[in-house]
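# Residue-level structure breakdown
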Amino acid sequence: MKIKKLLIIFCALSIFCPFSVEAFAAEETRKVTNTMTADDIRYNVNTGDAKASGSVVIKREDSTLWGDEAEGNTEKEIMTLRGNVKGEFPRQHVTLKSESATWTGDKSKKTDGSVEAFGEVLLTRGEKDRLNADYVWWQVGSENYRARGNVDGIMENRILIAAEASRTGETFRASGVRRYEDLTEKFVLSARSVQGRFAKDGKTGNEILQEMVADKDVVFDFVDNEGMKSRVTGDKAVYSKARGTIVVSGNTKAVRSDGKTVTADTMVVHEDTRLIEAKGNSKIVFIVEEKKREEPAAGAADGASAGAGAEKEAADAETETAGEKRPPEPRPTSSISDREKEWVEGD
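Thresholds applied
Residues numbered from 1 in each chain as written. Predicted model: local features only at pLDDT ≥ 70, side-chain atom pairs only at ≥ 80, totals over all residues. Heavy atoms only, no water. Helix = DSSP H or I, 4+ residues; strand = E, 2+ residues; numbered from the N terminus. Contact = heavy atoms within 4.5 Å. pLDDT = per-residue confidence, 0-100. Core = buried A, V, L, I, M, F, W, Y, C linked by side-chain atoms within 4.5 Å. Buried < 20%, exposed > 50% of the residue type's maximum accessible area, 1.4 Å probe, protein only. Phe/Tyr/Trp six-rings, centres within 6.5 Å; stacked < 30°, edge-to-face > 60°. Lys NZ or Arg CZ within 6 Å of the ring centre and 35° of its normal.

### A few points about the environment of Arg-91
Residue placement: Arg-91 occurs in the loop between strand E8 (78-89) and strand E9 (94-104). In sequence terms Arg-91 and Asp-62 are 29 residues apart; their C-alpha atoms lie 7.6 Å from each other. Each residue touching Arg-91, except ones within four places of it in the same chain, is listed here: Arg-60, Glu-61, Asp-62 and Asp-112.

### Digging into the confidence of the model for the protein
Should pLDDT be low for a region, the predicted coordinates there are not to be read in detail. In the predicted model, the protein carries a mean pLDDT of 82, and 72% of its residues have values of at least 70. Confidence drops under pLDDT 50 across residues 10-27; counting only partners more than four residues distant or on other chains, this segment forms 40 contacts. Scored below 50 in pLDDT, residues 319-323 shows three contacts in the model against residues more than four places distant or in partner chains.

### Quick word on the environment of Arg-178
Among the secondary structure elements, Arg-178 is positioned in strand E14 (residues 171-182). Those residues in contact with Arg-178 that lie beyond four places of it in its chain are Ile-161, Ala-162, Leu-189 and Ser-190.

### What about the nonpolar core?
Judged by nonpolar contacts, the single largest core of 58 residues is most densely connected at Phe-89, Leu-96, Leu-160, Tyr-180, Leu-189 and Met-212. Per element, the largest residue contribution to this core is six residues, and it comes from strand E16 (residues 207-223). In contact with Leu-96, other than residues within four places in its own chain, are Leu-65, Val-85, Lys-86, Gly-87, Phe-89, Ala-101, Val-115, Ala-117, Val-121, Leu-122 and Leu-123.

### Observations regarding the packing of aromatic side chains
Per the stated rule, a full pass over the model turns up nine aromatic pairs. Here Phe-172 and Phe-198 contribute two aromatic rings whose centre-to-centre distance is 4.9 Å and whose plane-to-plane angle is 20°, an arrangement assigned as stacked. Here Phe-198 lies in strand E15 (residues 187-200) and Phe-172 lies in strand E14, a separation of 26 residues in the sequence. Like Phe-172, the residue Phe-198 is buried in the burial classification. Among the aromatic residues, ring-to-ring pairing joins Phe-172, Tyr-180, Phe-187, Phe-198, Phe-220, Phe-222 and Tyr-239 into one connected group. Directly above the ring of Tyr-135 sits Arg-148, whose terminal nitrogen or CZ lies 4.0 Å from the centroid. For the cation-ring pair, Arg-158 lies above Phe-198, with the distance from its terminal atom to the ring centre recorded as 3.8 Å.

### So, the side chain of Asp-224
Looking at the secondary structure, you find Asp-224 in the loop between E16 and strand E17 (229-240). Relative accessible area serves as the criterion here: at 9%, Asp-224 is assigned to the buried category. When sequence neighbours within four positions are dropped, the list of residues in contact with Asp-224 reads Ser-230, Arg-256 and Arg-274.

What follows is the structure, given as structure tokens:
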């Protein structure tokens, strides 16, 4: 039977050493007891190297990481866990699951360090927020993160599906954006790259999107003031909360679910009214329903058919004599692409 081993590390060697800064820049530090337990632990007191295997548990105050094995160095303030890794950070209401994770301390003591997670990463915050990716770096106790590989997340009424995403302070960036949905502003967007800025709402305390720029292959979906699905496409889109507009430019086209299309150099979508303003070389295409033509009476139809038949025979004879065939009549073309048609006819 294996004996459970316990390793106690103090702040001087700890990878989780916190900090406190008093007024007048007078820094004070406190010693915090951190523990690592496992079935087997090997620790070099001279170098700080540590290696553990079997039911590894690392604790720092109320934060905990679990894994099958771990290794690292206490002097360099770094520890890597592998196998069935999970973590809990109660102060931030955050949980973590991944194949492996590296917990690195901050030698400047300005933060609580960072966690890098690899392989089927799931980071959750509270009951609703989550972030899935192949790789996630998170600065403990902050909003800062970097994620790449199959990024799929829900964060404060925003849905993001992308190849890569990151956030530093109020600024966020993403590339290969397949879907960015703002449930508050009620719009959906995709583009090759997106960057923007958030700010706290003074009344609710919730984060509100203040500005955003989407670049290349922009597709902007929303529901207009008549309840119609509308899609605006272009090379670039600029959103401004202050102006209450989304400006789309470059090869710009708008398609509504009733088949109406508009092309222009630039289109401005007004956030409050959901109206589209087309500027420069504007063109609108719309479909109207016409009453079917009435069929002629039977006698008139027979006479017309006979006359038409005679004319057709004469024309055919003339064509055969000339040895030529009539060119086919041109087919009417649609103003929307097959992909747009599928979107218009979809639910």
